[in-house]
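# Structural overview for review
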Amino acid sequence: MAVILSEILEGKQTVAIGGHMHPDGDCTGSCLGLYMYLLNEYPDMKVDVYLEEIPQSYHLIEKIEDVKHQITEDKQYDLFICLDCGDKLRLGFSSTLFDNAKHTVCIDHHVSNIAFADENYIVPDASSTSELVYTLLEKEKITRPIAEALYMGIVHDTGVFQYSCTSPETMEIGAELLRKGINGSKIIDQTYYEKTYIQNQLLGKALLESFLFLNKQCIVAVLEKKDLEFCEAEPSDTEGIVSQLRLTKGVEVAVFMYGLDTHRYKVSLRSKEKVDVSLIAKFFGGGGHARAAGATVTGSKYDVINQVAEQISFQLGKGK
């Protein structure tokens, strides 16, 4: 069902906004974009944003310093708006605020979303949650900082307007946001393409040690927890590796894994045309989109690779 922002906000005095764990560009952009809009248009309303630590590259977005990274006191909000999150567990630490809220709304574009809020606005065909947020706002009231946040979100979930989720409407929204006076190329360079030295080290190691499987239709790279620790890296420093693997010529599916602890891996999946990786992620208790998804999988490195390979092979017509 569609939601009308003014209707869900009617009578609300306190609102919390939250997104998924390990916030990416779309999660951060949609949350901050909506937050700034509410600050501007509902000055008497108390609005808070709850997200885990946000990658430094996203800090060009205004009001990012307002984001709360922990819950310091018991609160009950009139409304909790969940953005870019397919299920309640993915909210992480802010899920308790969701549970305690008087009313909840979920705005998301993940096909795996289980519609867990009181009201749900789920559009799997949308490029990003930032695009959905844009459709809910009064266009003449979108300021430059709001446009910057939403543009960043759309850029990240479309791979700079390259992925199949990019529709004509997505391009039109991007153009409207540019007309707000934002520096689109700066946002793309600083939040999407630019990498730190540590990120390049991790990317280099992942590419060097990657290998092809399933008749060279798939590629996988693995970084162990000790690799991240050696480089003094955070999990967010691995962002972009799986997308680079996906660009390998002749490859249909790219798999990137990094160790969380002993026999437990975070697995990211990207595909081109033939494989719906959201189905694979869902099999392992994760979620995502047809061309981009992820899950946490238990087992040794080779156990996890073999399990993922088996699920991929079913869709490639090579399963038993």
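Keep in mind that what you see is a predicted model, and the values were worked out from it rather than measured.

## Focus: the pairing of strand 4 (residues 104–108)
Within strand 4, five of the five residues are buried, which leaves it mostly tucked inside the rest of the structure. The two faces of strand 4 match: Thr104, Cys106 and Asp108 on one face and Val105 and Ile107 on the other face are all buried. Pairing analysis gives four bridges linking strand 3 (residues 79–83) to strand 4, with the strands arranged parallel. Within strand 4, the position partnered with Ile81 by the bridge is Val105. Running through helix 3 (residues 95–100), the crossover from strand 3 to the neighbouring parallel element strand 4 is right-handed.

## Quick look at the sheet that holds strand 2 (residues 46–50)
Sheet strands line up and pair through hydrogen bonds in the backbone, either parallel or antiparallel. Ordered in space as 2-1-3-4-5, the five strands form an open sheet in which the pairing is parallel. The open sheet has two free edges, formed respectively by strand 2 and strand 5 (119–122), since each of these has just one partner strand. Within the sheet, the average angular offset between the axes of one strand and its neighbour, ignoring direction, is 15°. Strand contacts of helix 2 (residues 25–41): strand 1 (14–19), strand 2 and strand 3, with the helix running at about 165° to strand 1, the strand carrying the most contacts.

## Some details on the nonpolar core
Ranked by size, the top nonpolar core spans 53 residues in total, and within it Ile17, Leu32, Leu34, Leu137 and Leu177 carry the most contacts. With 24 residues, the next largest nonpolar core counts Phe213, Cys218, Val253 and Leu269 among its residues.

## Observations regarding the side chain of Asp157
By the element assignment, Asp157 lies in helix 5 (residues 144–157). Although Asp157 is buried, it forms no salt bridge, and the closest oppositely charged side chain is Arg270 at an N-O distance of 7.3 Å. Only 3.0 Å separates the side chain of Asp157 from the side chain of His109, close enough to count as a polar contact. Beyond its immediate sequence surroundings of up to four residues, Asp157 is in contact with Asp24, Asp26, His109, Ser127, Ser128, Tyr163, Cys165 and His289.

## Some thoughts on the sheet that holds strand 11 (residues 292–298)
Reading across the sheet, the six strands line up as 6-7-8-9-11-10 and stay open at both edges, with mixed pairing between neighbours. Every interior strand has two partners, whereas the edge strands, strand 6 (211–213) and strand 10 (287–288), have only one. Two strands pair when backbone bridges link them, and strand 10 and strand 11 are joined in this way by two bridges, in the antiparallel orientation. Bridge assignment links Gly287 to a residue of strand 11, and that residue is Gly294. Each of strand 6, strand 7 (218–223), strand 8 (253–261), strand 9 (264–271) and strand 11 touches helix 12 (residues 301–315); the most contacted strand, strand 8, lies at about 150° to it.

## Digging into the packing of aromatic side chains
Scanning the model with the defined rule gives nine aromatic pairs in all. Their ring planes at 75° and their centres at 6.1 Å tell us that Tyr50 and Tyr77 sit as a pair that is edge-to-face. Placement of the pair is Tyr50 in strand 2 and Tyr77 in the loop between strand 2 and strand 3, with a sequence separation of 27 residues. Like Tyr77, Tyr50 is buried. Plain terms: the ring middles of Phe80 and Phe98 are 5.6 Å apart, the flat faces sit at 80° to each other, and that makes the pair edge-to-face. On the criterion of sequence distance, the pair formed by Phe80 in strand 3 and Phe98 in helix 3 is long-range, its members being 18 residues apart. Residue classification places Phe80 among the buried positions, given a relative accessible area of 0%.

## Observations regarding the environment of Gln199
Take Gln199: it is sitting in helix 8 (residues 197–208). When the C-alpha atoms of Gln199 and Leu228 are compared, they prove to be 9.9 Å apart, with 29 residues separating the residues in sequence. The residues contacting Gln199, other than those within four sequence positions of it, are Glu194, Ser236 and Asp237.

Reading the values: rules and limits
Residues numbered from 1 in each chain as written. Predicted model: local features only at pLDDT ≥ 70, side-chain atom pairs only at ≥ 80, totals over all residues. Heavy atoms only, no water. Buried < 20%, exposed > 50% of the residue type's maximum accessible area, 1.4 Å probe, protein only. Helix = DSSP H or I, 4+ residues; strand = E, 2+ residues; numbered from the N terminus. Pairing = 2+ DSSP bridges. Right-handed = clockwise from strand over helix to strand, strands pointing away. Axes fitted to C-alpha atoms, helices over the stretch in contact; angles between N-to-C directions. Contact = heavy atoms within 4.5 Å. Core = buried A, V, L, I, M, F, W, Y, C linked by side-chain atoms within 4.5 Å. Lys, Arg positive; Asp, Glu negative; His and termini not counted. Salt bridge = Lys/Arg side-chain N within 4 Å of Asp/Glu carboxyl O. Polar contact = N/O pair within 3.5 Å; in protein donor to acceptor, adjacent residues only side chain to side chain. Phe/Tyr/Trp six-rings, centres within 6.5 Å; stacked < 30°, edge-to-face > 60°.

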